[in-house]
Amino acid sequence: CLEFDDVSVDFKRFEVAKAGQAVKLSRKEFGVLQLLAARAGFVVTRNDLLDEVWGHESYPTTRTVDNHIASLRAKLEEDSSKPRRLITVHGVGYKLVLDT
């Protein structure tokens, strides 16, 4: 399980809630969140996200990752325009920050 702010994530049940309300995530959004949570506090490159979540045989663009991060921010952040948890590390990738 992962908890931050008013968000709780149960990775075993594939359930996410914000302020007690269920939040629907796509399988890929859930995969992105799970990888970021597994490496919380560390930068995960776009290529790592593409390899781990989409797989080696799939060839989406790095914009695909950006779009999924934007969607996760909209669903989980207090203010998606000023993210505190799903942080962009410009030119590298993203990280999940839990200790703010």
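As the structure is a computational prediction, the values presented were derived from the model and not from experiment.

K.L.:
When you look at the nonpolar core in this model, what are you seeing that I'm missing?
P.N.:
One broad rule of soluble globular proteins: the nonpolar side chains tend to lie buried together. Formed by 26 residues in total, the largest nonpolar core has its most connected members in Val9, Val16, Val32, Leu36 and Leu49. Broken down by secondary-structure element, the contributors of at least two residues to this core are strand E1 (2-4), strand E2 (7-10), helix H1 (27-38), helix H2 (46-54), helix H3 (62-76) and strand E7 (93-96). Ranked by residues supplied to this core, first place goes to H1 with six residues. Excluding residues within four positions of it along the chain, valine 16 makes contact with Val7, Ser8, Val9, Gln21, Ala22, Val23, Leu25, Phe30 and Leu76.

K.L.:
Please clarify how the pairing of strand E3 (residues 15-18) should be interpreted in this entry.
P.N.:
Across a regular strand the side chains alternate sides, sitting on one face of the sheet and then on the other. The pairing of E2 with E3 spans four bridges and is antiparallel. Directly across from serine 8, in E3, lies its bridge partner alanine 17. In this structure, the hairpin formed by E2 and E3 is closed by a connection of four residues, where phenylalanine 14 is found at a positive phi of approximately 55 degrees. Pairing of E3 with strand E4 (residues 21-22), which is carried by two bridges, proceeds in the antiparallel orientation. Bridge pairing in E4 places lysine 18 opposite glutamine 21. Following E3, the chain reverses through two residues before pairing antiparallel with E4; alanine 19 in that reversal takes a positive phi of roughly 55 degrees.

K.L.:
For this particular structure, what's the right way to read the sheet that holds E3?
P.N.:
Note on sheets: strands pair through backbone hydrogen bonds, and any given pair is parallel or antiparallel. Strand order across the open sheet formed by four strands is E1-E2-E3-E4, with antiparallel pairing between neighbours. Both edges of this open sheet fall to E1 and E4, since each of them pairs with a single strand only. Docked against the sheet, H1 engages E1, E2 and E3, running at close to 95 degrees with respect to E2.

K.L.:
What should I look at first to understand H2 in this one?
P.N.:
An α-helical segment advances 3.6 residues per turn. Residues three or four places apart therefore align on the same side. Among the residues making up H2, those that are buried are Arg46, Leu49, Leu50, Val53 and Trp54. Along H2, the residues classed as buried sweep out an arc of 100 degrees about the axis, all on the same side. Immediately downstream of H2, the backbone of glycine 55 shows phi near 95 degrees, a positive value.

K.L.:
How should I be thinking about the side chain of aspartate 10 in this particular structure?
P.N.:
Topologically, aspartate 10 is positioned in strand E2. On the accessibility criterion, aspartate 10 (15% relative accessible area) is buried. Among the polar contacts made by the side chain of aspartate 10, one reaches the main-chain amide nitrogen of arginine 13 at a distance of 3.1 Å.

K.L.:
How do you make sense of the environment of aspartate 10 when you look at a structure like this?
P.N.:
The spatial distance from the C-alpha of aspartate 10 to the C-alpha of glutamine 34 is 9.9 Å, given a sequence separation of 24 residues. Leaving out residues up to four positions away in the same chain, aspartate 10 has contacts with Cys1, Glu15 and Phe30.

Conventions we followed
Within every chain, residues take consecutive numbers counted from 1 along the sequence as written. Since the coordinates come from a predicted model, pLDDT governs what is reported: local features require at least 70, and pairs of side-chain atoms require 80 or more to be given and counted, while whole-chain, interface and lining totals use all residues. Values shown for side chains rest on all heavy atoms present in the structure; no hydrogens or waters enter the calculation. Side-chain atoms within 4.5 Å are what join buried Ala, Val, Leu, Ile, Met, Phe, Trp, Tyr and Cys residues into a set we call a nonpolar core. Burial classification: accessible surface area is computed with a 1.4 Å probe over protein chains only, and a residue below 20% of its type maximum counts as buried, one above 50% as exposed, and the rest as partly exposed. Strands are runs of DSSP state E lasting at least 2 residues, helices are runs of H or I lasting at least 4, and numbering of each runs from the N terminus. Any two residues whose heavy atoms approach within 4.5 Å are treated as being in contact. Here the rule is simple: two strands pair whenever DSSP picks up at least two bridges between them. Throughout, an axis means a line fitted to C-alpha atoms (over the contacting stretch in the case of helices), and angles, computed between N-to-C directions, take values from 0 to 180 degrees. Note that the arc is defined by the directions from the helix axis to the C-beta atoms. Polar contact criterion, stated in full: a pair of N or O atoms within 3.5 Å, where within protein one must be able to donate a hydrogen and the other to accept it, and residues adjacent in sequence count only if both atoms are side-chain atoms.

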